[in-house]
Amino acid sequence: MTDEPTPARAEMLRREILDKIAEYYRIAHLPADFVPGETFVNYGGRVYDERELQSAVEAVLDFWLTDGPRTEAFSARLGQYVGLKCILTVNSGSSANLVALTTLCSRQLERPLLPGDEVITPAATFPTTVAPIVQNWLIPVFVDCRVGTYNLDVNLLEAALSSQTRAVFVPHILGNPVEIDVVMDFAQAHDLYVIEDTCDALGSRYDGTYCGAFGHLSTFSFYPAHHITTGEGGAVGTNDTRLYHIAHSIRDWGRDCWCDHKSPRDGECRQRFDWEIPGLGEPYDHRYYFTEIGYNLKMTDLQAAIGLPQLDKLPDFVAARKHNFAVLYEGLSRYTDYLVLPVWSPKADPAWFAFTIAVREDAPFTRRDLNDYLRMRKIETRYLFAGNILRQPAYRHIPHRIATPLPETERVLKSAFFIGVYPGMDDARLAYILQVFEDFFTGQGLL
Ligand SMILES: Cc1ncc(COP(=O)(O)O)c(C=O)c1O
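So, here is what we can say about the structure in this document. (Residues numbered from 1 in each chain as written. Predicted model: local features only at pLDDT ≥ 70, side-chain atom pairs only at ≥ 80, totals over all residues. Heavy atoms only, no water.)

**Here we look at the sheet that holds strand S14 (residues 354-359)**
Moving on, step 1. With respect to topology, four strands assemble into an open sheet ordered S12-S14-S17-S15, the strand pairing being antiparallel. The open sheet is flanked by strand S12 (339-340) and strand S15 (382-383), the only strands paired with a single partner.
Moving on, step 2. Pairing analysis gives five bridges linking S14 to strand S17 (residues 416-420), with the strands arranged antiparallel. Its bridge partner being in S17, Thr356 is matched across the sheet by Phe418.
Moving on, step 3. In the packing of helix H9 (residues 301-332) onto the sheet, contacts are made with S14 and S17, and the angle to S14 comes to roughly 25°.
Moving on, step 4. Lying over the sheet, helix H11 (residues 407-415) contacts S12, S14 and S17, oriented at roughly 55° with respect to S17. (Pairing = 2+ DSSP bridges. Helix = DSSP H or I, 4+ residues; strand = E, 2+ residues; numbered from the N terminus. Contact = heavy atoms within 4.5 Å. Axes fitted to C-alpha atoms, helices over the stretch in contact; angles between N-to-C directions.)

The following block contains the structure:
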């Protein structure tokens, strides 16, 4: 083989680069041995091998850069996995929430959500589930959750309803499926939209169906702590092609054109320059024809390149999360006089995001005592997101309605925290966590 700049030579170089990356990965990314008490046990993180590195570098070699063939392949495969007809990739789970809710406010819909309309959502939540409600001039109506499931208490939905209610924005908190059948029945009975925030729950199932496949729209996050990662990244899912096209437009500057990277220059419609702006009197370029007030929230081809091998690993990731959860659940069951362990519906098959614990009010120690003890021993803990979103400085003054009192949400704020179950945890780390809990309870004189 000569050094001629031929396609065969390019292919050979590409192969060489990819082989070198595999070798590099094996040397440079080799995980260090776990040393109990010294190695940090995080609650989540990237789990990858040479295939993610190779795929990312291949995307660099192709140098597509923007939304392109890999985002398209990633969308198709994610849709197949969850059981959704349409997936729109975006640059984060928060962007997915913003696009999904803004879609329901589109003037292209027969009955869009209008300023002042109400959206039911739990008060124990992640901030960017509530933010798009506020950003679209809608009124969040907060309902309580249940300690144990940490999900919206579906028994309170009827009490939250008013003549202004138009939608339910419901997260599957920390991978635990909300009783979505009850939510969907409620929504159908009152002609409401449902958005499932599935950012924590890719791979979780309810009654045999994947979370994210129930609502009118659903959202996903691929931040490294989540079930798969693209670095930053997210997606909006739907089975409704009309909602998909509106979401697409909102993601892409508000423009109406739906052409993808494979479309011919004169547009998929072959009428790119024939679009009528009402009243203009002459046709206009569809690529600059704006039917929504939009953003630019696209995922790049480079991000999707990392996501594709992650999707291959997703079934194993889900299995590992379930295994790690089961080990912790069994080991921590002896402390239920002092700790509330996770609770889930008999219809739920959760792909857990984390292992959530609430310290009982009558326990002789505080959440802070236990968390400090764990953190001192290099076990990462997190409190449950915003706790009660209405206590957060940014959200205290938002227009809102509290449907019913929020005593359980207040308990979450004051007593809940979580530790990891992510696939990067092995049996040695799990055993270490259980040992540290045992040491804590022994030290407290409770064993
Ligand atoms: C329930 C929920 N919704 C939305 C988000 C936001 O996702 P992202 O970090 O990708 O913006 C998160 C983040 O962890 C989340 O837990």
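Moving on from the model shown.
**Structural notes on the side chain of Arg251**
Moving on, step 1. Within the secondary structure layout, Arg251 lies in helix H8 (residues 241-251).
Moving on, step 2. There is a polar contact of 3.4 Å between the side chain of Arg251 and the side chain of Asp67.
Moving on, step 3. Within the local environment of Arg251, its side chain forms a polar contact with the backbone oxygen of Thr89, the two atoms lying 2.7 Å apart.
Moving on, step 4. Residues within four places of Arg251 in sequence aside, it is in contact with Asp67, Leu88, Thr89, Val90, Val99, Tyr295, Asn296, Leu297 and Lys298. (Polar contact = N/O pair within 3.5 Å; in protein donor to acceptor, adjacent residues only side chain to side chain.)

**What to know about unusual backbone geometry**
Glycine aside, negative phi is the norm for most residues, and most peptide bonds take the trans geometry.
Moving on, step 1. Of note in the backbone geometry, Phe63 takes a positive phi value of approximately 60° without being a glycine.
Moving on, step 2. Mapped onto the secondary structure, Phe63 falls in the loop between helix H2 (50-62) and helix H3 (69-82).

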